[in-house]
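Architecture and fold: a report
Residues per chain, in single letters:
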Amino acid sequence: MPNKLCACVVRIGFSLWLLAAGVLAQSKPAADLIITDAKIWTVDKALPNAQAVAVLGDRIVGVGSNADVDAWRGPNTRVIDAKGKLLLPGFNDAHVHFVSGGMQLTNIQLNDATSAEEFARRIGERAKITPKGEWIQGGNWDETKWTPPNMPTRELIDALTPYTPVFVSRYDGHMGLANSLALKLAGITARTPDPPGGTIVRDAQGNPTGALKDAATDYIDKVIPPLSHDQRVNIVQRALAHAASLGVTSVQHMVASYEDIAVYSELLQRGELTARIYAAPLITHVDDQAKLGIGHAFGGPYLRIGALKAFADGSLGSGTAYFYEPFLNQGNNRGLLSDEMQPISLMRDRYMQADAAGLQICTHAIGDEGISTILDLYADVIKAHGESDRRFRIEHAQHMAAKDFERFAQLHVIASVQPYHAIDDGRFAESHIGHDRASRTYAFRTFLDHGVRLAFGTDWEVAPLNPMLGLYAAVTRATLDGKNPNGWFPEQKLTVAESVEAYTMGSAYAEFQEKEKGSITAGKLADMVLLSDDIFSIAPEKIRDVTVLKTVVGGRLVFDASAGSK
Ligand SMILES: [Zn+2]
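From a predicted model like this one, the values you see are computed outputs, not experimental measurements.

Glancing now at the overall build of the chain. Tallying secondary structure elements over the chain gives 18 helices and 26 strands in all. For the chain, whose C-alpha radius of gyration is 25 Å, the value lies close to the compact-globule estimate of 24 Å for 566 residues. The buried share of the chain, reckoned over its 566 residues, is 56%. Across the chain, every contact between residues at least 6 apart in sequence was considered, and the portion connecting residues at least 24 apart equals 72%. Surface exposure of the chain reaches about 23,400 Å², of which carbon and sulfur atoms provide 55%. Between the mean site of the 55 positive side-chain charges and the mean site of the 65 negative ones, the chain shows a separation of 4 Å.

Protein ligation of the zinc ion involves His 95 (NE2), His 97 (NE2) and Asp 459 (OD), the donor distances falling in the range 2.1 Å. Linear spacing of the donor residues for the zinc ion on their chain is H-x1-H-x361-D. With His 95 in strand S8 (residues 91-96) and Asp 459 in the loop between strand S23 (454-456) and helix H17 (467-476), this pair connects stretches of sequence that are 364 residues apart. Note on Asp 459: relative accessible area 7%, which makes it buried.

This part is about the packing of helix H11 (residues 344-356) against helix H12 (residues 368-385). It is the contact of H11 with H12, at a shortest axis distance of 10 Å, that shows an interaxial angle of 45°. By the angle between their axes, H11 is oblique relative to H12. Here the hand of the crossing between H11 and H12 comes out right-handed. Between H11 and H12, the contacting residues are Ile 344, Met 347, Arg 348, Tyr 351, Met 352, Asp 355 and Ala 356 on the first element and Thr 373, Ile 374, Leu 377, Tyr 378, Asp 380, Val 381, Ala 384 and His 385 on the second.

A separate point is the side chain of Arg 232. Assignment of secondary structure puts Arg 232 in helix H8 (residues 229-245). Ignoring any residue separated from it by four or fewer positions in sequence, one finds Arg 232 in contact with Val 99, Leu 227, Ser 257, Glu 259, Asp 260 and Val 263.

Let's shift gears to the confidence of the model for the chain. On average, residues of the chain score 94 in pLDDT, and 95% of them reach the 70 mark or higher. Taken together, the stretch residues 1-23 has pLDDT below 50 and engages in zero contacts with residues farther than four places along the chain or on a different chain.

Here we come to the pattern of salt bridges. Considering all chains together, one arrives at 32 salt bridges under this definition. Between Glu 501 and Lys 45 there is a salt bridge, and its shortest N-O distance comes to 3.2 Å. Separated by 456 residues along the polypeptide, Glu 501 in helix H18 (residues 496-510) and Lys 45 in the loop between strand S2 (39-41) and strand S3 (49-50) bring together distant segments of the chain. We classify Glu 501 as partly exposed; its relative accessible area is 32%. Two residues, Glu 125 and Lys 128, come together in a salt bridge whose shortest N-O distance is 3.4 Å. Of this pair, Glu 125 and Lys 128 both sit in helix H4 (residues 116-129), three residues apart, which is roughly one turn of the helix.

Before going further, it helps to spend a moment on the pairing of strand S15 (residues 248-254). The buried fraction of S15 amounts to seven of the seven residues, a majority that puts the element mostly inside the structure. The pairing of S8 with S15 spans four bridges and is parallel. Looking across to S15, one finds that Asp 93 is bridged to Val 251. As paired strands, S15 and strand S16 (residues 276-280) are joined by five bridges and run parallel to one another. The residue of S16 that forms the bridge with Met 254 is Ala 280. Each parallel crossover has a hand, and the one from S15 via helix H9 (residues 258-269) to S16 is right-handed.

In the contact formed by H17 and H18, the axes pass within 9 Å of each other and the chain directions differ by 135°. Taken together, the axes of H17 and H18 are oblique relative to one another. Crossing handedness for the pair H17 and H18: right-handed. Every residue of H18 that contacts H17 at Pro 467, Gly 470, Leu 471, Ala 474 and Val 475 is listed here: Val 496, Ser 499, Val 500 and Tyr 503.

Below, the discussion takes up the sheet that holds strand S4 (residues 52-56). The four strands are arranged S5-S4-S1-S6 in an open sheet whose pairing can be described as mixed. Every interior strand has two partners, whereas the edge strands, strand S5 (59-64) and strand S6 (78-81), have only one. Taking each pair of neighbouring strands and ignoring which way they run, the sheet shows an average axis angle of 15°. The sheet contact formed by S4 and S5 spans five bridges and is antiparallel. Bridging across to S5, Ala 54 finds its partner in Gly 62.

The end-to-end C-alpha separation of H18 is 20 Å, in line with the 21 Å expected for 15 residues at 1.5 Å each. Taken as a whole, H18 carries its principal kink of about 40° at Ala 502. Where burial is concerned, most of H18 is hidden: 11 out of the 15 residues are buried. Along H18, the positions that sit buried rather than exposed are Val 496, Ser 499, Val 500, Ala 502, Tyr 503, Thr 504, Gly 506, Ser 507, Ala 508, Tyr 509 and Ala 510. Following H18 by one or two positions, Phe 512 has its phi on the positive side, about 60°.

Before going further, it helps to examine the side chain of Ser 519. On the secondary structure map, Ser 519 appears in the loop between H18 and strand S24 (528-531). A relative accessible area of 3% means that Ser 519 is categorised as buried. Side-chain polar atoms of Ser 519 contact the side chain of Thr 521, separated by 2.6 Å. Among the polar contacts made by the side chain of Ser 519, one reaches the side chain of Lys 524 at a distance of 2.8 Å. Contact partners of Ser 519, with chain neighbours within four places excluded, come to Thr 42, Val 43, Asp 44, Ile 60, Pro 89, Met 505 and Lys 524.

Cut-offs applied
Starting from 1, residues in each chain are numbered consecutively following that chain's sequence as written. Per-residue local features are limited, in this predicted model, to residues with pLDDT of at least 70; the limit for side-chain atom pairs, both in listing and counting, is 80 or more; totals at the level of whole chains, interfaces and linings are taken over all residues. Working from all heavy atoms in the structure, the side-chain values ignore hydrogens and water. Only DSSP runs of H or I with at least four residues qualify as helices, and only runs of E with at least two residues qualify as strands; both kinds are numbered from the N terminus onward. For this measure, only C-alpha atoms enter the radius of gyration; the expected value for a globule follows 2.2 Å times N^0.38, where N is the number of residues. With a 1.4 Å probe rolled over the protein chains alone, any residue whose accessible area is under 20% of its type maximum counts as buried; one over 50% counts as exposed, and the rest are partly exposed. Between two residues, a contact is recorded if the distance between any of their heavy atoms is within 4.5 Å. Accessible surface is estimated by sampling points in the Shrake-Rupley manner with a 1.4 Å probe; for residues, cover comes only from the protein chains shown. For the purpose of charge, His is not counted, nor are the chain termini; Lys and Arg are scored as positive and Asp and Glu as negative. Charge positions come from single atoms, namely NZ of Lys, CZ of Arg, CG of Asp or CD of Glu. Distances define the donors: N, O and S atoms within 2.8 Å of the metal qualify, as do those within 3.2 Å of Na, K or Ca. Water is excluded, so some sites may look unfinished. With axes taken as lines fitted to C-alpha atoms, and helix axes fitted only over the stretch in contact, angles between N-to-C directions fall between 0 and 180 degrees. Any angle from 65 to 115 degrees is called roughly perpendicular, while one under 35 is roughly parallel, one over 145 is roughly antiparallel, and all others are oblique. In this scheme the handedness of a crossing depends on how the near helix is turned from the far one: anticlockwise by less than a right angle means left-handed, clockwise means right-handed. Each residue carries a pLDDT score, the predictor's confidence in it, ranging from 0 to 100. Throughout this description, the term salt bridge denotes a Lys or Arg side-chain nitrogen within 4 Å of a carboxyl oxygen of Asp or Glu. Between any two strands, pairing holds if DSSP finds at least two bridges. A clockwise path from the first strand over the helix to the second, with the strands pointing away from the viewer, defines a right-handed crossover. Helices are assigned an expected span. That span is 1.5 Å times one less than the residue count. The angle between axes fitted to the seven-residue stretch ending at a residue and the seven-residue stretch beginning at it gives the bend at that residue. In protein, a polar contact requires one atom able to donate a hydrogen and another able to accept it; more generally it is a pair of N or O atoms within 3.5 Å, and residues adjacent in sequence count only if both atoms are side-chain atoms.

Below is the structure:
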């Protein structure tokens, strides 16, 4: 009996399917989702403004007026009434550290501490609730917010953390502070030499203060127990939920580990990826991807690999960005080339290998000479292998030499920049490098004027993941200290439209996906975000307060503020 019943149901199902197929043959299929009565900024120059959009499966099938799109409506179409709110393509963050970002959501918070005492007190509180054997990590402390703004030392926290190893990072990720227990576990003593590309900060007697710069942090990284697979899955799930709540529908994960990629792959198979991921492991692993022969942007709509992340130098705040001329008030210090650049020919060899394998290269470069040196190397690769659509990237591209804007454009290098850093570093950049160099710092307008393509991102966990802060920063250039309400180097401000384009199409182009996403265009993936306010018409200083109402990825509603889903 049960078998007979089953067969019958199958037969009825099959007849219905035939019937549906017959109807389909005569008219177009109905949309799964229609968003109607929106104010749509499409980022598609062929049709910049629209009112409604229809989605079938994971793709956009119709964009136009309410009436145009209503033709896609069927009995089972889900309709979202946008009530006149602004709908944009989903944000694509071109530079994140997604797992560190996810960890930060649970880690100790030190960034808003306003004094060394507050910094120490929070670490002491955390030590009380940290299980035995676990480290206190993260923090993103920023001593420039303290009075006086002195670099912290291990003495501040040792008495509060006798049994808990501590290694808390500076917000720029180029320096950390270890307590004495952590130094001991890492075997760092007065006799430990500085590694190439790194500094163990020492006191007058030559003893480590606990502060470690750049490659010197590797000593500590080696003794911190690695995350388990389950911990990593949890962290990525939290990061995905956070991204969805902010309208971030694609992320480009710089310095992804293979363990991270394994987690993404598992979540992809479970259908749980709610943001699209392009993962770039370190270029020191170039052999692995070169061997696979996969080339750039290999994979599917939710997960791609085929890019490599390299490091040319350090950061401005840590005094390790590599400049032609010294920092102000830092003696002869003009920064450091990274250990990957010791010697520079080592990086050139890796670039040649990566490029020959068709892999994309994304290089962190911040100081003017660091950037210039990477442009030289990119030019060497183009000369050796000929012109092709390789989309070299420079990540951050912060402090440009005047001569290099033109070269940036000629070599078709993408400037992958983080506007939030501009309003953050803008607080102290001039005191570190002076007015002239600061005038070519985060020079977004000058890049566009030279025809350089911009991709926007955040560098999360270094800065918040919220795209509204990035748009606010690019449009206002109002530094976080409130001292430049009309903009720090205001001639470098971008319009809202330019900023949105850099955060959508610009980032899509930077990962070879401009035909698949980056605009609300029929045929593209249905990744969209509905905002609480119209960022084109509100006062620019209000952009940072705008929130996300709904986030759609591949036609799926992955965040809905009205449902309270987080
Ligand atoms: Zn980064």
